[in-house]
Each structure stands twice: as C-alpha cells, then as structure tokens.
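Results of the structural survey
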Amino acid sequence: MKIKVINGPNINMLGIREPDIYGHTTYKDLVETIQNYCKKSNIEVDIMQSNHEGDLVDMIQDCYNRYDAIIINPAAYTHTSIAILDAAKAVNLPMIEVHISEVDKREEFRQTSYIRQACIKCIIGHGINGYLEAIDTLKELIEK
Ligand code: DQA
C-alpha cells in the first residue's frame, strides 16, 4: 500500500503559527510522526507541502496510477479551490480530508470545504493525530 500526504499553505509553519490554534508540534515533527507510523504498518508514504495551488493540483494528478490513496489537508485552499476538487475527482482515489484545528467551530469562511465532496472521510480538530487516524482508515479500506 502506497499513500501520499499532501499539505497546503502554511502547514510548514506548524509549531510557529498560531500555537493556540494549531499546537506546538512542528512540521518536521509531523513528517517524522507520519513516517514512523507508516513504517510500523508497512505502508509506503510520501509527504509533501506547498504554498501554491497549482503545485497541489500537480501533486494530486501525480498520484494517478502510482498511489493507492491520498490524505490531504489543503489548508486555506480547502475553502476556495475548485481546481483542487477537480484534480481529486479526476484521479478518483480514496481520499481523506484532515484539518488540525476545529474548522467547524471557527470563522464562517472556514465552514465551506470544496474538497469534501471528493473525500470518503473528513477528520477535523484532532491535531496531528488526525493524520494517523486517516492512515488507519485507509489501511483498513485498502488492505481488506
Ligand atoms: C487548516 C484549517 C484551515 O482553515 C486553515 O486555513 C489552515 C489549516 C487546519 O489544518 O486546521 O491553514 O486546514
């Protein structure tokens, strides 16, 4: 099983950005935690981050025929990007949307998610543990 984890703008600023909302875990910690978790479960994983919408579209398109599933935190592009939704629909792979913070309890503009309609599950407000829960769900789905 091979999965890609795609992170949108400012996720690389974890640990620095608004720690009261996103916690103190750094992006490096996040990457290492996911890598270690996948290693234990015998899952191949590539973890990526970009601040640019088109890069995120490319990262999704590149999964076609190469990955079994995608975990995505499109960050602010969650709430705006039809291009990312269309890319997800195009590759048609099992995809899980993850948000570190409780987006559902924050500003009104964060209540819209375009990517959600292409996702089999959405994990909100579980901190970086949300990524690990997404891995468990995909493992169960794909390795069954
Ligand atoms: C986020 C929530 C988004 O609203 C925000 O723009 C982010 C991070 C989260 O993981 O909680 O950058 O996706």
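Described below are features of the structure shown in this document. (Residues numbered from 1 in each chain as written. Predicted model: local features only at pLDDT ≥ 70, side-chain atom pairs only at ≥ 80, totals over all residues. Heavy atoms only, no water.)

**Examining the pairing of strand β1 (residues 2-7)**
- Among the six residues that make up β1, five are buried, leaving the element largely enclosed by the rest of the structure.
- Pairing between β1 and strand β2 (residues 44-49): six bridges, direction parallel. Residue pairing in the sheet places K2 in a bridge with E44 of β2.
- Pairing geometry for β1 and strand β3 (residues 69-73), over five bridges, is parallel. By the bridge assignment, N7 is partnered in β3 with N73. (Buried < 20%, exposed > 50% of the residue type's maximum accessible area, 1.4 Å probe, protein only. Helix = DSSP H or I, 4+ residues; strand = E, 2+ residues; numbered from the N terminus. Pairing = 2+ DSSP bridges.)

**Comments concerning the nonpolar core**
- Membership of the largest hydrophobic core comes to 27 residues, with the highest contact counts inside it found for I3, I11, L30, I34, I71, Y131 and I135.
- The set of elements that each furnish at least two residues to this core consists of β1, α2 (27-40), β2, β3, β4 (95-99) and α5 (129-143).
- In this view, I71 contacts I3, K4, V5, I6, I96, V98, Y131, A134, I135 and L138; residues no more than four positions away in its chain are not counted.
- If you look at the next biggest cluster of nonpolar residues, it comprises 19 residues, including I6, Y67, I70 and A87. (Core = buried A, V, L, I, M, F, W, Y, C linked by side-chain atoms within 4.5 Å. Contact = heavy atoms within 4.5 Å.)

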